[in-house]
Structures are given as C-alpha cells and as structure tokens.
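Fold and geometry: a report
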Amino acid sequence: EPYVSGPHSHQHGEQVWPINELLRAASRANELGYQLHLHAIGDAAVRRALDVIQQVTELNGERDRRPVIAHVHVLNPADTPRFAQLGVIANFEPYWAQMDDVMVEQTAPRLGPERAEQQYRIADMIASGAAVSMGSDWPVTTADWRPAVQVAVSRQNSDGAPEGGWIPSQRISVESALDAYTSGSAYQSLSDSRGRLVVGSTADFLVLDGNPLTTLPHELSSIRVTETWIDGHVVWNDAGQ
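The present account deals with the structure reproduced in this document. (Residues numbered from 1 in each chain as written. Predicted model: local features only at pLDDT ≥ 70, side-chain atom pairs only at ≥ 80, totals over all residues. Heavy atoms only, no water.)

**Remarks on the overall build of the protein chain**
Of regular secondary structure, the protein chain possesses 7 helices and 7 strands. Reading the helices (α) and strands (β) of the protein chain from amino to carboxyl end gives α-β-α-β-α-β-α-α-β-α-α-β-β-β. A compact globule built from 241 residues should have a C-alpha radius of gyration of about 18 Å, and the protein chain, at 19 Å, falls within 12% of that. Counting only C-alpha atoms, the protein chain reaches 55 × 45 × 30 Å along its principal axes. The 241 residues of the protein chain split such that 39% are buried. For the protein chain, contacts bridging at least 24 residues in sequence account for 65% of all contacts bridging at least 6. Carbon and sulfur atoms make up 53% of the accessible area of the protein chain, which amounts to about 13100 Å² in all. (Helix = DSSP H or I, 4+ residues; strand = E, 2+ residues; numbered from the N terminus. Rg over C-alpha atoms; globule rule 2.2 N^0.38 Å. Buried < 20%, exposed > 50% of the residue type's maximum accessible area, 1.4 Å probe, protein only. Contact = heavy atoms within 4.5 Å. Areas by Shrake-Rupley, 256 points an atom, 1.4 Å probe, with all protein chains shown as cover.)

Here it is in structure tokens:
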C-alpha cells in the first residue's frame, strides 16, 4: 500500500530486486550450498522474501537451510506464522525498536498509525515459534548489545519515552533477548557448538559486573563487561591484560 504522506515520487518503497530475478539468484545460490540471507525493510519486502524462500524450498527440496530474513521491519500479521512454517530465522535489530528522531519525524508519519504498529513485532515472532536472532547492523548503528537489549526489553528511547514502552505488547524478557543474541545468532550462523553455556559447547562468554536478569530495564546499558572469553581463552579484560 502507498505511504500516507511524503514526496509524491516515492509513494511506495523501492523494489531492489525484480521478483523473478531474485528468485533465480536465490535458487542458484541455494543450489550451490549457500545460506540465503535477505534484508527486508517494509511489509512488501518481507512478504516477497518469504515467497522467494518458499519457492526455493519447493524447487530444490527440503534440507537444513536456515534461511534468514534480516530486519523484518514492517510485518503484516498474516505473514507472522510463515516464518515458523518455512523454517525462516527472523533476524531483528532491536535497537531500532524505539521512538527516536527518525521514527518520530520520518518513519511513523509515512506509514500511518496502523502500519506503524506493525514495526519490529519481536514478541509476536517469538510467540509464533519461529527462530529469532538479533544483531546490530553495525556500522549503521552501534554494535553494543547492551543498549539494544535495553530497548528490546523496555521499547523506550534513552530518555525513557514513551512511558510503558512503544508498542508495549512487543516488549520481551531479558532472557529472550539474551537468547536471541547468543544461541539464536549461533543457530543462524550454523555454529551449533556455540551460543550456549553447556558442557560440550565452545567456551565463548562474557563476564559482567552485574546480573542482567535482575537489573532494572532502564539500567541494562550501564552494565560493564569485565572479561571476554573466546574458545576458552581470555581475549580481553578491563585490566588491559
């Protein structure tokens, strides 16, 4: 559907790939063994990405594909169950799920109130049973996971607005956010031995100066990392060693 406001030359989002060309490219990449990773900004983009993944699966047969759709910016409710049905991983950038200047001045006014409420439906996606991962889209925005988790949990900007959170039904727990950043991202990257603190997994972890599970949501970004471990070895600590 067209935007409700904005320049007349851009009444719809711009289609980067004609659908038939995208299908041919995706099918060929999949035949060669590559994992499909599509970025989708807008409801039409999300639906087309799902359509392509579905058609690739029908053309090339079932196997452990773990296709990814990143951003899932505007999600038509009718498309939510398709992620779990098709085995598509929803890769969100939770730091964007806030009423910042871009959202207030540009995005929400052009989408209108109904579609503005369809942005970053992270809780709905988790409830649907789909696999969810999280990232930063760095260098577009900060690579720091802490303010991103804070936004995912509170749906508030750095000023604590709006009260109760933006689209509060889409707030998620700290546990869910950390799972998406760790085991969810490991699953997405086909790294099944990583992302969990269990016997037999690769020892990648952080040491923090506070417990995120008991920290107030608006204070999550202030937690400090004191050590970083990769594959069982300290690669950084706050003592500079």
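**Side note on the packing of helix α1 (residues 19–31) against helix α2 (residues 43–60)**
Two elements in contact, α1 and α2, have axes separated by 9 Å at closest approach and are oriented at 45°. It follows from the interaxial angle that α1 and α2 lie oblique. The way α1 lies across α2 gives a crossing that is right-handed. Touching Ile19, Leu22, Leu23, Ala26, Ser27, Asn30 and Glu31 of α1 are Arg48, Val52, Gln55, Val56, Leu59 and Asn60, all from α2. Looking at side-chain class alone, the contact of α1 with α2 contains 7 nonpolar, 4 polar and 2 charged residues. (Axes fitted to C-alpha atoms, helices over the stretch in contact; angles between N-to-C directions. Parallel < 35°, antiparallel > 145°, perpendicular 65-115°, else oblique. Left-handed = near helix turned anticlockwise from the far one by under 90°. Nonpolar A, V, L, I, M, F, W, Y, C, P; charged D, E, K, R; others polar.)

**Considerations on the sheet that holds strand β2 (residues 68–70)**
Reading across from one edge, β1-β2-β3-β4 is the order of the 4 strands in this open sheet, with parallel pairing throughout. In the strand order of this sheet, the two ends are held by β1 (37–39) and β4 (132–134), each with one partner. Direction aside, neighbouring strands of the sheet carry axes that sit 25° apart on average. Of the strand pairs in this sheet, β2 and strand β3 (residues 89–92) are connected by 3 bridges, and their pairing is parallel. Of the residues in β3, the one forming a bridge with valine 68 is isoleucine 89. (Pairing = 2+ DSSP bridges.)

**Considerations on the sheet that holds strand β7 (residues 233–237)**
Strand order in the open sheet formed by 3 strands is β5-β6-β7, with antiparallel pairing between adjacent strands. The open sheet has two free edges, formed respectively by β5 (205–208) and β7, since each of these has just one partner strand. Each adjacent strand pair in this sheet contributes to an overall mean axis angle of 25°, direction not counted. Sheet topology note: the strand β6 (residues 225–230)/β7 ladder contains 4 bridges and is antiparallel. When the sheet's bridge partners are listed, tryptophan 229 is paired in β7 with valine 234.

**A short note on the environment of aspartate 192**
Examined against the element boundaries, aspartate 192 turns out to sit in the loop between α7 (174–188) and β5. Linking aspartate 192 and threonine 215, residues 23 residues apart in sequence, is a C-alpha distance of 29 Å. Ignoring any residue separated from it by four or fewer positions in sequence, one finds aspartate 192 in contact with Arg66 and Tyr187. Within the local environment of aspartate 192, its side chain forms a polar contact with the side chain of arginine 66, the two groups lying 2.9 Å apart. (Polar contact = N/O pair within 3.5 Å; in protein donor to acceptor, adjacent residues only side chain to side chain.)

**Let's talk about the pattern of salt bridges**
Inspection of every chain in the model, using the stated rule, returns 11 salt bridges. One salt bridge in this structure joins arginine 47 and aspartate 79, with 2.9 Å as the shortest N-O distance. With arginine 47 in helix α2 and aspartate 79 in the loop between β2 and α3 (80–86), this pair connects stretches of sequence that are 32 residues apart. Exposure remark for aspartate 79: the relative accessible area of 3% places this residue in the buried category. Salt-bridge contacts for aspartate 79 lead to arginine 82; the nearest nitrogen and oxygen are separated by 3.4 Å. For the pair shown, aspartate 79 and arginine 82 are each scored as buried. Residues joined by salt bridges that share partners form a network here, namely Arg47, Asp51, Asp79 and Arg82. (Salt bridge = Lys/Arg side-chain N within 4 Å of Asp/Glu carboxyl O.)

**Some points on the side chain of glutamine 170**
One can find glutamine 170 in the loop between α6 (145–154) and α7. With a relative accessible area of 0%, glutamine 170 lands in the buried category. Only 3.3 Å separates the side chain of glutamine 170 from the side chain of serine 169, close enough to count as a polar contact. In contact with glutamine 170, not counting residues within four places along its chain, are Tyr120, Arg121, Ile122, Ala123, Asp124, Ala152 and Arg155.

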